[in-house]
Amino acid sequence: SIDVDGLDFELLSSLKHQRNFRPPLIIVETNGFIRPDLSSKLDVEASSNNLQQSLKVFQQLGEELGYDLVCFTQNAIFLRRDLAKELRTRTSLEPSCSVNRLYHDALVTNWNDMLLNIQATRKGATESWVQAEMSEFGEFNATISMDMLERLAQEEERRKCPHALFERG
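In what follows, the accompanying structure is described. Keep in mind it's a predicted model, so treat the numbers as computed, not measured.

Counting secondary structure elements, the protein chain contains eight helices and three strands. The order of helices and strands in the protein chain, counted from the N terminus, is α-β-α-α-β-β-α-α-α-α-α. When burial is assessed residue by residue, the protein chain has 44% of its 169 residues classed as buried. Relative to all contacts within the protein chain whose residues are 6 or more apart in sequence, the contacts with residues 24 or more apart total 62%. Accessible surface, the protein chain: about 9100 Å² in total, of which carbon and sulfur atoms supply 52%.

Right, let's get into the sheet that holds strand E1 (residues 25–29). What the three strands build is an open sheet, ordered E1-E3-E2; its pairing is antiparallel. In this open sheet, the two edge strands, each paired with only one partner strand, are E1 and strand E2 (67–72). The mean angle between the axes of side-by-side strands here comes to 30°, regardless of whether they run parallel or antiparallel. Here E1 runs beside strand E3 (residues 75–80); their pairing, made up of five bridges, is antiparallel. Bridge pairing links Ile27 to Ile77 in E3. Contacts from helix H3 (residues 55–65) reach E1, E2 and E3 within the one sheet, and its direction differs from that of E2 by about 145°.

What follows deals with H3. When you tally the buried positions in H3, you get eight out of 11 residues, the bulk of the element. All of the buried residues along H3 are Leu55, Lys56, Val57, Phe58, Gln59, Leu61, Gly62 and Leu65. Positive backbone phi, approximately 95°, marks Gly66, located one or two places after H3.

What follows is about the pattern of salt bridges. Going through the model one piece at a time under the given rule, you end up with 10 salt bridges. Each of the salt bridges in this network shares a partner with another, and the network as a whole consists of Arg101, Asp105, Glu150 and Glu157.

Packing of helix H5 (residues 99–109) against helix H8 (residues 146–160) leaves a shortest axis separation of 7 Å and a crossing angle of 145°. Here the hand of the crossing between H5 and H8 comes out left-handed. Mapping the contact onto sequence places Val99, Asn100, Arg101, Tyr103, His104, Leu107 and Val108 in H5 and Met146, Leu149, Glu150, Leu152, Ala153, Gln154, Glu156 and Glu157 in H8.

With that out of the way, let us pick up empty space enclosed by the protein. To locate leftover empty space, one rolls a probe as large as a water molecule over the atoms. Under the criterion given, the structure shown has one cavity of 30 Å³ or more. Taken together, the residues of the lining of the largest cavity sort by class into three nonpolar, two polar and four charged.

Definitions and limits used
Positions within a chain are numbered from 1, following the residues in the order the chain's sequence is written. Note on the predicted model: pLDDT of at least 70 is required for a residue's local features to be given, and 80 or more for side-chain atom pairs to be given and counted; whole-chain, interface and lining totals, by contrast, use all residues. Each side-chain value is worked out from all heavy atoms of the structure, with water and hydrogens disregarded. Put simply, DSSP marks the helices as runs of H or I at least four residues long and the strands as runs of E at least two long, and each gets a number from the N terminus on. Categorising residues by exposure relies on relative accessible area from a 1.4 Å probe, with only protein chains included: less than 20% of the type maximum marks a residue as buried, more than 50% marks it as exposed, and the intermediate range marks it as partly exposed. Whether two residues are in contact is decided by their heavy atoms, any of which lying within 4.5 Å being enough. To measure how exposed things are, a 1.4 Å probe is used in the Shrake-Rupley method; for residues, cover is taken only from the protein chains shown. The pairing criterion is simple: DSSP has to find at least two bridges between the two strands. To define axes, lines are fitted to C-alpha atoms, for helices over the stretch in contact only, and angles between the resulting N-to-C directions are given on a 0 to 180 degree scale. What makes a salt bridge here is a side-chain nitrogen of Lys or Arg within 4 Å of a carboxyl oxygen of Asp or Glu, nothing more. By convention the crossing between two helices is left-handed if the near helix lies anticlockwise of the far one by an angle smaller than a right angle, and right-handed if it lies clockwise. Two kinds of site are reported from a 1 Å grid over the protein atoms alone, namely cavities, where a 1.4 Å probe fits but cannot get out, and pockets, open sets with protein on both sides within 12 Å along at least five of seven lines, and residues are called lining when an atom falls within 4 Å of a point. Grid points are joined across faces, edges and corners, and a volume is the space filled by probe spheres set on the points. Amino acids are sorted into nonpolar (Ala, Val, Leu, Ile, Met, Phe, Trp, Tyr, Cys and Pro), charged (Asp, Glu, Lys and Arg) and polar (every other residue, Gly among them).

This is the structure in structure tokens:
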């Protein structure tokens, strides 16, 4: 588990240089306040001030390291790819490949605490964070709408998860 209140991404990245160390499960603190689908990496200065990277940035790093993102609870939970494949084979479970779906479902499950934190934190967003979202999405909204997250999750699932076992309503 990695939770050092800043530079968590950089610490996880150090696994690139550890060929003989591949834990079966990794739990790492992410930034639940930034849009989950932000693929731009925030600068090190921002992350050193406890502003973690987005869920998407962590997902990309996990894939590079050989891990599948299987859950989000304000922390990203990664399972080593060989174990994730075995789990899918044995159980027919298919975790969502959509960071927006994982984020949306975490909000639904933990609505009050997480959403209030997100809304309060987004109102005090740093300039680098606002610029990253403006650059990638053309806008920055201080609030996050559940309807917007659901729409983004459905679009991402249609694009990336054609093998999905079910269609959400």
